[in-house]
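# Breakdown of the fold
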Amino acid sequence: MNDEVGFYIVIAFFALAFIIAWLNHRLVSKAKNWPEVEAVVVARKVIPGEPPDYVLTVEYLYRGESRRSEVRNPYMLNEGRMRVGDKAIVKVDPSRPEVSILLRDLAPLLY
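What this report covers is the structure whose coordinates are included nearby. Only a predicted model underlies this, so the values are computations on that prediction, with no experimental measurement involved. (Residues numbered from 1 in each chain as written. Predicted model: local features only at pLDDT ≥ 70, side-chain atom pairs only at ≥ 80, totals over all residues. Heavy atoms only, no water.)

Here the focus is the overall build of the protein. Looking only at helices and strands, the protein features two helices and five strands. Within the protein, buried positions represent 30% of all 111 residues. Once local pairs closer than 6 in sequence are excluded, the contacts in the protein between residues at least 24 apart make up 55%. When the accessible area of the protein is evaluated, it comes to approximately 7400 Å², of which 60% is carbon and sulfur surface. (Helix = DSSP H or I, 4+ residues; strand = E, 2+ residues; numbered from the N terminus. Buried < 20%, exposed > 50% of the residue type's maximum accessible area, 1.4 Å probe, protein only. Contact = heavy atoms within 4.5 Å. Areas by Shrake-Rupley, 256 points an atom, 1.4 Å probe, with all protein chains shown as cover.)

The structure is reproduced here in structure tokens:
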């Protein structure tokens, strides 16, 4: 019985990993056509864990309006190095300008 439970746990893990990868791929594919703007990091939150997770709040101008966005990045490559006051390029979802993604983390995947 334990082997069977272990087998189903492994299958569930791989299914979850596949779903997350597929959703991330969809987001990156959509972001290819989003406009790029310069942003400033205005807040940085560290979420403890192994490894720790980072959530950045960035502020930017989009179509003449100031916007704030929590950067949700599927690949989390550079957030740990970024500090409040740092500048970054973000891609902004034109249908929801309060949603953005750090460009430098996604650049290898977009081009």
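What follows covers the pattern of salt bridges. For the coordinates displayed, the defined rule picks out four salt bridges. Put simply, Glu36 and Lys91 hold a salt bridge, and the shortest N to O gap is 3.6 Å. Residue Glu36 is located in strand β1 (residues 36-47), and its partner Lys91 is located in strand β4 (residues 87-92); the two are separated by 55 residues in the primary sequence. Note on Lys91: relative accessible area 3%, which makes it buried. In this structure, the salt-bridge partner of Glu59 is Arg68, at a minimum N-O distance of 3.0 Å. On the basis of relative accessibility, which here comes to 30%, the residue Glu59 falls in the partly exposed class. (Salt bridge = Lys/Arg side-chain N within 4 Å of Asp/Glu carboxyl O.)

Okay, the nonpolar core next. When a protein is soluble and globular, its nonpolar side chains tend to lie buried together. Formed by 13 residues in total, the largest nonpolar core has its most connected members in Val58, Tyr60, Val90 and Leu102. Elements with a minimum of two residues in this core: β1, β2 (53-62) and β4. (Core = buried A, V, L, I, M, F, W, Y, C linked by side-chain atoms within 4.5 Å.)

Note that Ser100 resides in strand β5 (residues 100-102). Among the polar contacts made by the side chain of Ser100, one reaches the side chain of Ser69 at a distance of 3.0 Å. (Polar contact = N/O pair within 3.5 Å; in protein donor to acceptor, adjacent residues only side chain to side chain.)

Structurally, the position occupied by Lys32 is in the loop between α1 (2-31) and β1. Residue classification places Lys32 among the partly exposed residues on the basis of a relative accessible area of 46%. For Lys32 and Lys91, which are 59 residues apart along the polypeptide, the C-alpha to C-alpha distance reads 8.3 Å.

Burial of β2 is extensive: seven of the 10 residues sit out of reach of the surface. Two elements, β1 and β2, share eight bridges in a ladder whose sense is antiparallel. Across the sheet, Ile47 pairs through a bridge with Asp53, a residue of β2. (Pairing = 2+ DSSP bridges.)

Quick look at the sheet that holds β2 now. With antiparallel pairing, five strands are arranged side by side in an open sheet as β3-β2-β1-β4-β5. At either margin of the open sheet sits one strand with a lone partner, and together these are β3 (65-71) and β5. Within this sheet the neighbouring strands show an average axis-to-axis angle of 40°, counted without direction. Note that β2 and β3 share seven bridges and pair antiparallel. Residue pairing for β3: Thr57 is matched across the bridge by Glu70. (Axes fitted to C-alpha atoms, helices over the stretch in contact; angles between N-to-C directions.)

Read these as layout, nothing more, since geometry by itself doesn't imply function.
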